[in-house]
Amino acid sequence: MRHATSPRRFRPSRSGSSSLGRWAVVPLLLMVLGLAAGCGDGDGDDTAGDDPTPSASMSETPTDSAGTDEPSPSESESDSAPSGTVVQVIFKDGQITPNGDRIMADAGEPITFDIDADAAGELHFHSTPEQSIDFEPGTSSYDIVIDQPGIVEVELHEPEMLVAQLEIR
Amino acid sequence: MNVPGRYSDHWVLAHGIGGAKDLPLPTELAIAGAVAALTVSFTVLVVAWREPRYDAATSGRPAPAWLAGVVDSTAFRVALRAVGMLLFVYTAWVAVFGEDLLTNPFFGMFYVLLWVGLVPASVLLGPVWKAVSPVRTINLLFARLTGGDASRGLWEYPRRLGYWPAAVGLLAFVWLELVYPHSTELGPVRLWCAVYVAAMLLGGALWGDDFYERGDPFEVYSTLSSKLSVWGRRGDLLVVRSPLANLDTVVVRPGLVAVVAVLFGSTAYDSFQDSQPWVRLTNDHLEYAQLLNHAALLGFCVGVGLILAAGSMLTGVGPEQSRRALPDLFAHSVVPIIVGYVVAHYLSYLVETGQDTIIKMSDPMGDGSNLLGTGDWKVNFWLSYHPTLLATTKVVAVVVGHILGVVAAHDRAIRLLPKRHQVTGQLSMLVAMIVFTAGGLYLLFAA
């Protein structure tokens, strides 16, 4: 599921665990295929991902370019990009601003997210490759660098909301 | 390669590739495209031929003998069916035994290689799905085993049903892809596929091959797209035709309007749902977002159908002519507009997510294997890094599609309409096509 409320066309981003039973459809498939029954083998776990490797790159530093290789500047409050795009994110009482806004930014330049939150949360960037920010309650600041031109959706998890669309040129 | 993906919270991210989308079309390109479409439309109306040119019964040159020999040989047909079955068995395998993760190539094979790849494959090679269709093959094998005739079922396919089953199937697909919230979870997509296969086998048993030709959503989509290829048949003879002459050979049946309406309407909806106003609206009314999305998808499909119906029917007709038959008779002319728009909408998606899928197909179970030898390939994002070229290609595709559509409608109009209505009678259809093309460009510009 890409977006709980406003599903988008399939993009290879992520998948939750299935809501239908994994095996619910097997009898039908078997019937359909005309195969003899009884070829089920053991691996019937329904959980998404049996290899819960916590992301190392995400938890260490507040400044996050998770998944990408380029070193991003840390301590972004006082870094060298006053001219870059700055996005003010306010997350209070389950409400978030911005609310699906289109935000222009330059490819390869840091985009600063100043977050003021009353609860922890995750901002997910549907960039190529994917990136995300895990933020804590209080104010914090993160830099995200996106190299590839395109529209990058920024989503909040819980509640599922489209926070912004970054228009990267 | 083939790390199962980073794990954060309960979301598992796919490896390597992300979900960036194309930039909107630059204003000047979108306007240039719309103006070109408008100009061409009226130029065609004024200067094009006055006698119908295309005739399925006589058009086309026979293909080279060696080529016809290969294509019509049993070995070639069997080989294509074998390829189709191999892919089918592979798909069923990853669908049943694969992980419920987006590293499972199932999603990419279904949504990208099959659904999007079907169009370019058919435009280049002809009706490919008909040749590889696993449901046809299974039906054929059943008939062989039971000594029956696969081409004939229990009953004659009802005439009035026409392409309607395919239209319903296509709507079911775009619903799953675009509005169903669990469209990237293994269980529901697998269930959809199982129901599809079951319905196709049942239909084949009841009505034989006629059902596949008219009721299989993928075959109908593929065969419609293949009418823009140079490959055609005159009787049993393999012929080479201009795409326009080939387009004229689309078989008109009830429900053709519904098929093109679903195809064009759903693609337009896919652009629309990323637009700012819609995102705002669904964000502000989260509890109704589902309902709104369903209504919008349906609205786009019905809207396209109504515009097409109005465009084709608002003409003078001859005394013995049925006005209500006209929408289906003109529906073929929307096919190039659909294909042009599909190219514009899906090009980077097909190229980049398609590569990603082929890479993932090497390691369907996430155990590090490299079945196809593609596991260590890297996705080439060249296209996304050249946004101007990409945008220009999109506009060219849309405008070329529009030109072909207008010419096809013109030829059909001068064949069908009485002489005195031939010019005025085309105006409404021309307006409908301009609405489709300009609307499509607007969505690509605004989304």
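Here the structure is a predicted model, which means the values were calculated and not measured.

Chemist: Please clarify how the overall build of chain A should be interpreted in this entry.
Modeler: Along its length, chain A carries 2 helices and 10 strands. The N-to-C order of helical and strand elements in chain A reads β-α-α-β-β-β-β-β-β-β-β-β. The burial tally for chain A puts 39% of its 169 residues in the buried class. Long-range pairs, those at least 24 residues apart, make up 62% of the contacts in chain A between residues at least 6 apart in sequence.

Chemist: Teacher, can you tell me more about the overall build of chain B here?
Modeler: Within chain B one finds 19 helices and 5 strands. In summary, chain B has a C-alpha radius of gyration of 22 Å against a globular reference of 22 Å for 447 residues, a match within 12%. Each of the 447 residues in chain B was classed as buried or not, and the buried ones make up 53%.

Chemist: Got a minute to help me understand the environment of B:Leu444 in this structure?
Modeler: Take B:Leu444: it is sitting in helix H19 (residues 424-446). In this structure B:Leu444 touches B:Pro24, B:Leu25, B:Ala30, B:Ser271, B:Ala344 and B:Lys394, once residues within four positions along its chain are discounted.

Chemist: Which parts of the structure should I look at to understand the sheet that holds strand E5 (residues 110-117) of chain A?
Modeler: Strands in a sheet are paired, the pairing made by backbone hydrogen bonds, and the direction either parallel or antiparallel. Residue and element names in this part refer to chain A. What the 4 strands build is an open sheet, ordered E3-E2-E5-E8; its pairing is mixed. In this open sheet, the two strands that pair with only one neighbour each are strand E3 (95-97) and strand E8 (138-145). For this sheet, the mean angle separating the axes of adjacent strands, direction not counted, is 15°. Two strands pair when backbone bridges link them, and strand E2 (residues 86-92) and E5 are joined in this way by 6 bridges, in the parallel orientation. Each bridged residue has a counterpart across the sheet, and for Gln 88 the counterpart in E5 is Asp 114.

Chemist: Before we go on, may I ask you to explain the packing of helix H4 (residues 105-114) of chain B against helix H17 (residues 335-360) of chain B in this structure?
Modeler: Residue and element names in this part refer to chain B. Axis separation between H4 and H17 bottoms out at 9 Å; the angle between their running directions is 145°. For the element pair H4 and H17, the recorded crossing hand is left-handed. Here Pro 105, Gly 108, Met 109, Val 112 and Leu 113 of H4 come into contact with H17, specifically with Tyr 349, Leu 350, Thr 353, Gly 354, Asp 356, Thr 357 and Lys 360. Partitioned by chemical class, the residues of the contact of H4 with H17 number 6 nonpolar, 4 polar and 2 charged.

Chemist: What is the right way to read the pairing of strand E9 (residues 150-156) of chain A from this model?
Modeler: Regular strands place side chains that alternate from one sheet face to the opposite one. Residue and element names in this part refer to chain A. Of all the 7 residues making up E9, 5 are buried; the element is thus mostly covered by neighbouring parts of the structure. Pairing analysis gives 3 bridges linking strand E6 (residues 121-125) to E9, with the strands arranged antiparallel. In the strand pairing of E9, Leu 123 is matched with Leu 156. Bridge count for E9 against strand E10 (residues 161-168) is 7 bridges, and the pairing is antiparallel. If you follow Glu 153 over to E10, its bridge partner there is Gln 165. Linking E9 to E10, which pair antiparallel, is a turn of 4 residues; within it Glu 158 sits at a positive phi near 55°.

Chemist: Got a minute to help me understand unusual backbone geometry in this structure?
Modeler: All names here are of chain A. Omega for the bond connecting Thr 97 with Pro 98 falls within 30 degrees of zero, at 0°, which places this linkage in the cis form. Residue position: Pro 98 is located in the loop between E3 and strand E4 (101-105). The omega torsion of the bond from Thr 128 to Pro 129 falls at -5°, within 30 degrees of zero and hence cis. Its location among the elements puts Pro 129 in the loop between E6 and strand E7 (131-135). Although it is not a glycine, Asp 93 adopts a positive phi angle of roughly 50°.

Chemist: Honestly, the environment of A:Leu162 in this entry has me stumped. Any pointers?
Modeler: Position of A:Leu162 relative to the elements: it lies in strand E10. Sequence separation between A:Leu162 and A:Asn99 is 63 residues; the distance between their C-alpha atoms is 7.0 Å.

Chemist: Is there a simple way to think about the sheet that holds strand E4 (residues 231-234) of chain B in this case?
Modeler: Residue and element names in this part refer to chain B. Pairing is antiparallel in the open sheet, where 3 strands are placed in the order E3-E5-E4. One side of each edge strand has no neighbouring strand; the edge strands of this open sheet are strand E3 (61-62) and E4. Where E4 lies against strand E5 (residues 237-240), 4 bridges are found, and the strand directions are antiparallel. Its bridge partner lying in E5, Arg 234 is registered against Leu 237.

Chemist: I keep staring at the pairing of E2(A) and nothing clicks. Help me out?
Modeler: Residue and element names in this part refer to chain A. What you see with E2 is a clean split: Val 87, Val 89 and Phe 91 sit on the buried side and Val 86, Gln 88, Ile 90 and Lys 92 on the side with no burial. In the sheet, E2 pairs with E3 via 3 bridges, with the strands oriented antiparallel. Each bridged residue has a counterpart across the sheet, and for Phe 91 the counterpart in E3 is Ile 96. Hairpin connection between E2 and E3: a loop of 2 residues separates the two successive antiparallel strands, and Asp 93 in this loop has a positive phi of roughly 50°.

Chemist: What's the story with the environment of B:Ile358 in this structure? I'm lost.
Modeler: By secondary structure assignment, the location of B:Ile358 is in helix H17. Separated by 245 residues in sequence, B:Ile358 and B:Leu113 place their C-alpha atoms 8.9 Å apart.

Chemist: I'm lost on helix H8 (residues 164-179) of chain B in this one. Help?
Modeler: Side chains that are three or four residues apart share a direction in an α-helix, a result of its 3.6 residues per turn. Residues and elements named next belong to chain B. Compared with the 22 Å implied by 1.5 Å per residue over 16 residues, the 21 Å span of H8 between its first and last C-alpha is a close match. In terms of burial, H8 is largely enclosed, as 12 of its 16 residues are buried. For H8, every residue scored as buried is listed here: Pro 165, Ala 166, Ala 167, Gly 169, Leu 170, Leu 171, Phe 173, Val 174, Leu 176, Glu 177, Leu 178 and Val 179. For H8, the secondary structure elements touched by its buried residues are H4, helix H9 (186-207), helix H10 (209-215), helix H11 (217-226), helix H13 (256-272) and helix H15 (289-313).

The rules behind these values
- Counting from 1, residues in each chain are numbered in the order their sequence is written.
- The order in which chains are written sets their letters, starting at A; the order in which ligands are written sets their numbers, starting at 1.
- Since the coordinates come from a predicted model, pLDDT governs what is reported: local features require at least 70, and pairs of side-chain atoms require 80 or more to be given and counted, while whole-chain, interface and lining totals use all residues.
- Numbered from the N terminus, helices here are DSSP runs of H or I no shorter than four residues, and strands are runs of E no shorter than two.
- With C-beta atoms placed from the backbone, a residue is buried if 20 or more other C-beta atoms are within 10 Å of its own, exposed if 12 or fewer are, and partly exposed between those counts.
- By the convention adopted here, residues make contact when the C-beta atoms placed from their backbones lie within 7 Å.
- Two things to know: the radius of gyration comes from C-alpha atoms, and the globule rule equals 2.2 Å times the number of residues to the power 0.38.
- For two strands to count as paired, DSSP must find a minimum of two bridges between them.
- Note on geometry: axes are lines fitted to C-alpha atoms, helical ones only across the stretch in contact, with angles between N-to-C directions running from 0 to 180 degrees.
- When the near helix sits turned anticlockwise from the far one by under a right angle, the crossing is termed left-handed; a clockwise turn instead gives a right-handed crossing.
- As a working rule, the residues Ala, Val, Leu, Ile, Met, Phe, Trp, Tyr, Cys and Pro are called nonpolar, Asp, Glu, Lys and Arg charged, and the rest polar, with Gly in that last group.
- Multiplying 1.5 Å by the helix residue count minus one yields the expected span of that helix.

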